[in-house]
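Below are the chains, spelled out letter by letter.
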Amino acid sequence: MVKICCIGAGYVGGPTMAVIALKCPDIEVAVVDISVPRISAWNSDTLPIYEPGLDDVVKQRRGKNLFFSTDVEKHVMEADIVFVSVNTPTKTQGLGAGKAADLTYWESAARMIADVSKSDKIVVEKSTVPVKTAEAIEKILTHNSKGINFQILSNPEFLAEGTAIQDLFNPDRVLIGGRETPAGEKAIQELKKVYARWVPEEQIICSNLWSAELSKLAANAFLAQRISSVNAMSALCEATGADVTQVSHAVGKDTRIGPKFLNASVGFGGSCFQKDILNLVYICECNGLPEVANYWKQVIKINDYQKSRFVNRVVSSMFNTVSGKKIAILGFAFKKDTGDTRETPAIDVCKGLLGDKARLSIYDPQVNEEQIQRDLAMKKFDWDHPIHLQPLSPTAVKQVSVVWDAYAATKDAHGICILTEWDEFKSLDYKKIYDQMQKPAFVFDGRNVVDAEKLRQIGFIVYSIGKPLDDWLKDMPAIA
Ligand SMILES: NC(=O)c1ccc[n+]([C@@H]2O[C@H](COP(=O)([O-])OP(=O)(O)OC[C@H]3O[C@@H](n4cnc5c(N)ncnc54)[C@H](O)[C@@H]3O)[C@@H](O)[C@H]2O)c1
Ligand SMILES: O=c1ccn([C@@H]2O[C@H](COP(=O)(O)OP(=O)(O)O[C@H]3O[C@H](CO)[C@@H](O)[C@H](O)[C@H]3O)[C@@H](O)[C@H]2O)c(=O)[nH]1
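As the structure is a prediction and not an experimental result, all values here were calculated from the model.

Trainee: Explain the packing of helix α12 (residues 290-317) against helix α13 (residues 345-355) residue by residue, including any values.
Mentor: Where α12 meets α13, the closest approach of the two axes is 9 Å, and the angle between their N-to-C directions is 40 degrees. Our classification of the angle between α12 and α13 gives oblique. For α12 against α13, the interelement crossing comes out right-handed. Residues Lys307, Phe310, Val311, Val314 and Val315 of α12 form the contact with α13, whose own contacting residues are Pro345, Asp348, Val349, Gly352 and Leu353. Partitioned by chemical class, the residues of the contact of α12 with α13 number 7 nonpolar, 1 polar and 2 charged.

Trainee: Explain the pairing of strand β9 (residues 326-330) to me, using residue names and the numbers behind them.
Mentor: In terms of burial, β9 is a largely internal element, 5 of the 5 residues being buried. Of the two faces of β9, the one holding Lys326, Ala328 and Leu330 and the one holding Ile327 and Ile329 are both buried throughout. In this sheet, strand β10 (residues 359-363) lies alongside β9 in parallel orientation, the contact comprising 5 bridges. Looking at the pairing, Ala328 lines up with Ser361 of β10. As defined by bridge partners, β9 adjoins strand β12 (residues 415-418) across 4 bridges and the pair is classed as parallel. Bridged to Ala328 within β12 is Ile416.

Trainee: An account of empty space enclosed by the protein is needed here, citing residue identities and associated values.
Mentor: Here the structure, examined in full by the defined rule, presents 4 cavities of 30 Å³ or more. Its boundaries defined by the atoms lining it, the largest cavity holds a volume of some 40 Å³. In terms of lining, the largest cavity is formed by Lys3, Ile4, Cys5, Glu28, Val29, Ala30, His75, Glu78 and Ala79. Across the lining of the largest cavity, the residue classes tally to 5 nonpolar, 1 polar and 3 charged.

Calculation rules
- Residues numbered from 1 in each chain as written.
- Chains lettered and ligands numbered in written order.
- Predicted model: local features only at pLDDT ≥ 70, side-chain atom pairs only at ≥ 80, totals over all residues.
- Heavy atoms only, no water.
- Axes fitted to C-alpha atoms, helices over the stretch in contact; angles between N-to-C directions.
- Helix = DSSP H or I, 4+ residues; strand = E, 2+ residues; numbered from the N terminus.
- Parallel < 35°, antiparallel > 145°, perpendicular 65-115°, else oblique.
- Left-handed = near helix turned anticlockwise from the far one by under 90°.
- Contact = heavy atoms within 4.5 Å.
- Nonpolar A, V, L, I, M, F, W, Y, C, P; charged D, E, K, R; others polar.
- Buried < 20%, exposed > 50% of the residue type's maximum accessible area, 1.4 Å probe, protein only.
- Pairing = 2+ DSSP bridges.
- 1 Å grid on protein atoms, 1.4 Å probe; cavity = no way out; pocket = protein on both sides within 12 Å on 5 of 7 lines; lining within 4 Å.
- Points joined across faces, edges and corners; volume = space filled by probe spheres on them.

Written out as structure tokens, the structure is:
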């Protein structure tokens with residue numbers, strides 16, 4: 001029986017391995033992690049991450065050919081194929097701080113693989129890494145190998161959170177990069193055989209190592225660039241009276257452009273886009289390409305601009321101050337159908353409002369108070385380390401309360417900010433909400449989920465990203 005081990009039981013390692021176990025019942029899959037609470041949760045009824053469809057897949061295979069364990073060394077030693085899906089945070093100190101990827105966790109995993117291995121192995125980069133990481137990993141493995149043969153493959157993951165199971169079942173493509181040698185080719189074929197159980201062959205793309213590593217960074221940069229492009233247009237729409245939804249629709253009808261990923265928003269979040277672009281920028285700079293680096297940096301600058309523009313809009317509309325005012329925050333996760341808050345735009349918006357002394361009442365159906373308080377107290381980039389290595393959060397932010405209901409969050413509030421596009425926010429009883437709010441009552445829709453006209457009829461002053469402005473808002477311009 002082929003044995004697979006995956007180091008790192010996170011958002012990628014957990015779902016990816018669960019789907020491999022489901023599709024390949026004759027392969028034994030072990031997912032290992034240094035975090036004891038994470039592994040305990042994977043072995044319990046409450047999985048450590050919320051992802052539609054995941055519970056079902058895990059329940060079908062756990063204890064049969066899918067195992068979660070903290071015995072990292074044993075499972076690595078026994079495996080034929082070792083996936084590495086550990087954290088690759090942005091460096092906060094030293095060379096490349098604020099941009100370069102911190103490969104500490106990757107390096108320690110590679111050294112451990114070399115230490116414990118007694119048979120030849122294929123080592124698969126699943127984490128997103130800088131171009132040429134495979135070369136560094138290869139050096140660590142071969143210099144410590146005691147005669148064992150390691151083949152390194154790059155097999156970046158393209159799943160998006162909230163749709164991970166669907167994406168893994170029907171990926172647009174699976175990408176496998178390897179050395180262009182007979183042994184490298186053989187390793188590529190071994191891994192291809194695993195995916196070919198459920199992915200059509202023509203969708204499994206093979207390439208050299210460096211193309212595979214760079215394709216992952218490029219794909220995320222292109223996706224984020226689309227969002228920054230439409231968000232840049234949203235600012236122009238507000239200034240001119242155009243409607244960004246109509247503009248996106250018209251632009252997206254061009255088959256060369258396509259309709260997906262053109263939703264204007266308060267900004268993109270998530271653990272990948274900003275981190276991967278910063279990483280790309282750093283690689284460009286290191287390769288003497290400052291113009292290319294600056295081009296991609298602009299995608300992040302527009303994203304930051306969009307978030308601060310939103311905060312300024314809230315403050316300026318409410319007579320230029322939110323000091324002491326209760327603002328309801330509906331949605332804290334970085335997108336719907338996930339409880340993940342990594343780099344969520346809600347953190348920057350909340351911090352901006354707190355900076356103007358607002359009182360916040362936050363509701364998200366999947367994010368608890370402890371997480372929100374940690375996020376609001378945490379330093380930039382600290383979130384991307386294994387949880388038990390993250391600095392302990394200082395005392396809770398006092399002006400923030402977290403509630404478990406949108407009606408409680410909005411009671412007596414002066415304004416509402418919608419920061420995640422949860423479906424339930426579309427069908428709230430806004431008349432009931434209006435009646436229990438301070439007047440004038442404001443809604444700032446950072447995701448364009450509400451029917452603005454209906455809300456205006458109730459009496460709300462409504463701001464929707466990239467839409468023609470209410471007279472009230474026109475009279476109170478927000479300078480970013
Ligand atoms: N989250 C996504 O949607 C996504 C998608 C594609 C790629 N990626 C990339 O995949 C990688 C993992 O991302 P994630 O979101 O799963 O992160 P995560 O933080 O959820 O999981 C990483 C896990 O690795 C564990 N770990 C770290 N060092 C270890 C070691 N030496 N031994 C054993 N376990 C160790 C941590 O405890 C943690 O549980 C990153 O490089 C990320 O950029 C993420
Ligand atoms: O039209 C859009 C689409 C998305 N977003 C926002 O963009 C962010 C990222 O969304 P999405 O890409 O759907 O989620 P992720 O889970 O971050 O997935 C991205 O990052 C992963 C990690 O690398 C990749 O594997 C995926 O292919 C890539 O889509 C979220 O805040 C979304 O709300 C918008 O504002 N407008």
